[in-house]
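Chain by chain, the residues run as shown.
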Amino acid sequence: MEEEDTRDYSEPCVQCSVVNWGLTDEGRFYCKSCHNVIERTKEVLTSDVVPNAKIQSISRGFRKRKKIDKGWEWYVCEGFQYILKKQAEALQTLGVCPQMKDAILCNFWRRYLQKSKQAYCNTPVSYTSKTLSISDVSTDVDSEPERISIRGLSSFSESDGDLQTESSFGYVSSIGKASARETTSVCSGSVDGGSYVLKRKKGNLRMSMPMTLSFCYIALLWLREPVTLSDLLRFVIDGHIPYLNAFQYFPEEMKLYGVDLKIFHVESWPVYEDVHNKMSELAAFLDLPCFPAITDSCFLHPNILCIKYLMEANLPDELHNWTCRVVKKINAGETDFLTLDPVNKSARKVKYDVLAAAIIIVVLKLLFLLDDQYEWLLANLAGKRNQKNKEGCLWFDFKKWYKIIKKSVDVEQKKLDEERARCLWKCEKPLFYSAKEKSVVLKKRQMVVNLQRQFGALSGSRQVAEKQSPSSFQLNWAEENTDGNCFHGHILEGVLQEKGNSLTTMNTKYWLCTVKLCNEKICGQLTHYKESNFPQSYQFVLNLFSFLLRVPASLIHEEVVGMEMYCPNLLEPSGKSNTQTVKITGKEPRGG
């Protein structure tokens, strides 16, 4: 019937020059090859002339629309595009540069679709017909821009209405749609969901929920925004950026069930290393050039990040001079070291926030040793001096700092654990897949809500307060307080000594975290963090920054180990080789 209606129109498509017309539900002509919709409509032809008859329509008119419970045909990449758009909008709400969404993230997404041959090419790869691997898409597609013949997204700022017709997506050609439609599983709401979850070859770069955060982070890194990866993941966990059950924001016509839930539904929080590694792979896959240089005026520079974490950890301001010394000695402040260069595969992919925390820990070891003996001896001296001389600047008391920080962290950790315990992993928006199921699902959901409200009233539990706007700081210490809980203005008197024209440490020893490699041949790490092998003070400092960054303590420990193993001049804080090394491994004496 459709061929008969379009047989009389033989004009070629202005976009692809092919004569292959079809009719939309509204009676408009569209090209079956490139899905270009034109203004022409099918005219009603009749040979019978009825006098005094009023013509109701001169076009085909509206066909009966598909039932909403069936939804429209959509592809997995379209779902990820929708999530990326929502995440970008959330970041803009948090104050990120407006260019991030359309000028940066959208271009990276288009480049990914083109590199992975899902769009912007003559022959898009169908997941049902070929396995996608990095080696398959290594061709430089940017050298032939004229081959891009299908319509794609112009920006993430397009209205949601653009997602309501299959012709608005330029991801898959008609050939790809036909092959995918043949293998569409009844257990998937998307066209290619069943084939998307199939096992792929090694080296495959497939979109996933953690990968959406890698896209966001790589865009933030390109703009050198003052948002670290740990900040990004914390905003995600706190619910300020869509991630958990993000598919509930899909339009109602995008039905999601079966294997689609395996793709878009997450049952765990994103892992720092996983997102960071995927970011590195993504930058290489996209063949991105060297990123904008990270200089000493950039927020991600360790000298600036150390200021932030020293303030949040409630440590003296004077420690920043020593963190700058360490940064200079290990060459961690060089632009070449900090700037991401995907082309240089041997270049280190810096974890900026973890690096800054490790630098502060190394400085604390240089000054206070952190061997469970020396730091408490200095604390006793500082406590006695502060009691006698209460006027003027106070000496930094490690013991008092430890008690205050531990109390604050325990309170915040308890709040965090309670929030995670209340987290609803299931989607709040009911999922139903047909009109018959809709009423049953909604009724069950309403029963659950009513029971929760009743039990809440009986138990006297208060309603959870609305989420406050996120902050870069989790712990705030006001210097104006009178209870003496702020240590920013305390001095390091008693810890440092003058030697010549410079200050050096009273401490003359330093212990290495480890000098042994892992016994397992498969493992290439320098060490595995085991709490029983290290002093309690060192563990406490590690756990403090682990809480602030919300990363495993072992990750920060590995960064400390790397600095100590590969930077021998680190052990010369005064500029002269006057430092003795005390190795603390296993049950060896913890010298001080």
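Note on numbering: residues in each chain are counted from 1, in written sequence order. A pLDDT threshold of at least 70 governs which residues receive local features in this predicted model, and a stricter bar of 80 or more applies before side-chain atom pairs are shown or counted, although totals over entire chains, interfaces and linings include all residues. In computing side-chain properties, one takes all heavy atoms of the structure into account and sets aside hydrogens as well as water.

The subject of this paragraph is the confidence of the model for the protein chain. In regions of low pLDDT, the predicted coordinates are not meant to be interpreted in detail. Confidence of the predictor at the level of single residues is captured by pLDDT, which takes values from 0 to 100. Averaged over every residue, the pLDDT of the protein chain is 76; the share at 70 or more is 70%. Here residues 44-68 is modelled with pLDDT under 50, and outside its nearest four sequence neighbours on either side it reaches 22 contacts, counting other chains as well. Below pLDDT 50 for its whole length, residues 159-186 participates in 59 contacts with residues either more than four positions away or in separate chains. Should any heavy atoms of two residues lie within 4.5 Å, those residues are considered in contact.

The aromatic pairing rule takes the rings of Phe, Tyr and Trp, using the six-membered ring of Trp, and pairs them if the centres are within 6.5 Å, calling planes under 30 degrees apart stacked, those over 60 edge-to-face and the rest tilted. Taken as a whole and judged by the stated rule, the model has 24 aromatic pairs. Both rings, one in Phe534 and one in Tyr538, keep their centres 5.5 Å apart while their planes meet at 40 degrees; by these two values the pair is tilted. Judged by relative accessible area, which is 5%, Phe534 ranks as buried. An aromatic cluster of three or more residues is present, and its members are Phe368, Trp376, Phe396, Phe398, Trp401, Tyr402, Phe487 and Phe540. For Arg206, the ring lying beneath its charged end belongs to Tyr196, and the centroid distance is 4.3 Å. In this structure, Lys365 packs its charged tip against the face of Trp511, placed 3.8 Å from the ring centre. Classification of residues uses two cut-offs on accessible area relative to the type maximum, computed with a 1.4 Å probe and protein chains only: under 20% is buried, over 50% is exposed, and between them is partly exposed. The criterion for a charge sitting over a ring is simple: Lys NZ or Arg CZ within 6 Å of the ring centre, and within 35 degrees of the ring normal.

Moving on, we get to the pairing of strand E5 (residues 502-505). The pairing of strand E4 (residues 496-499) with E5 spans four bridges and is antiparallel. Among the inter-strand pairings, Lys499 is bridged to a residue of E5, identified as Ser502. Pairing between two strands is assigned when DSSP locates at least 2 bridges connecting them. Helical segments are the DSSP runs of H or I of at least four residues, strand segments are the runs of E of at least two, and each set is numbered from the N terminus. Where E4 hands over to E5, the hairpin turn is made up of two residues, of which Gly500 adopts a positive phi near 75 degrees.

Salt bridge, as applied in this entry: a Lys or Arg side-chain nitrogen positioned within 4 Å of an Asp or Glu carboxyl oxygen. On inspection of all chains with the given rule, the structure shows ten salt bridges. When the shortest N-O distance is used, the salt bridge between Lys365 and Glu564 registers 2.7 Å. Of this pair, Lys365 sits in helix H13 (residues 352-368) while Glu564 sits in helix H18 (residues 553-566); the two residues are 199 residues apart in sequence, bridging distant segments of the chain. Classification of Lys365 by relative accessible area gives buried; the value is 0%.

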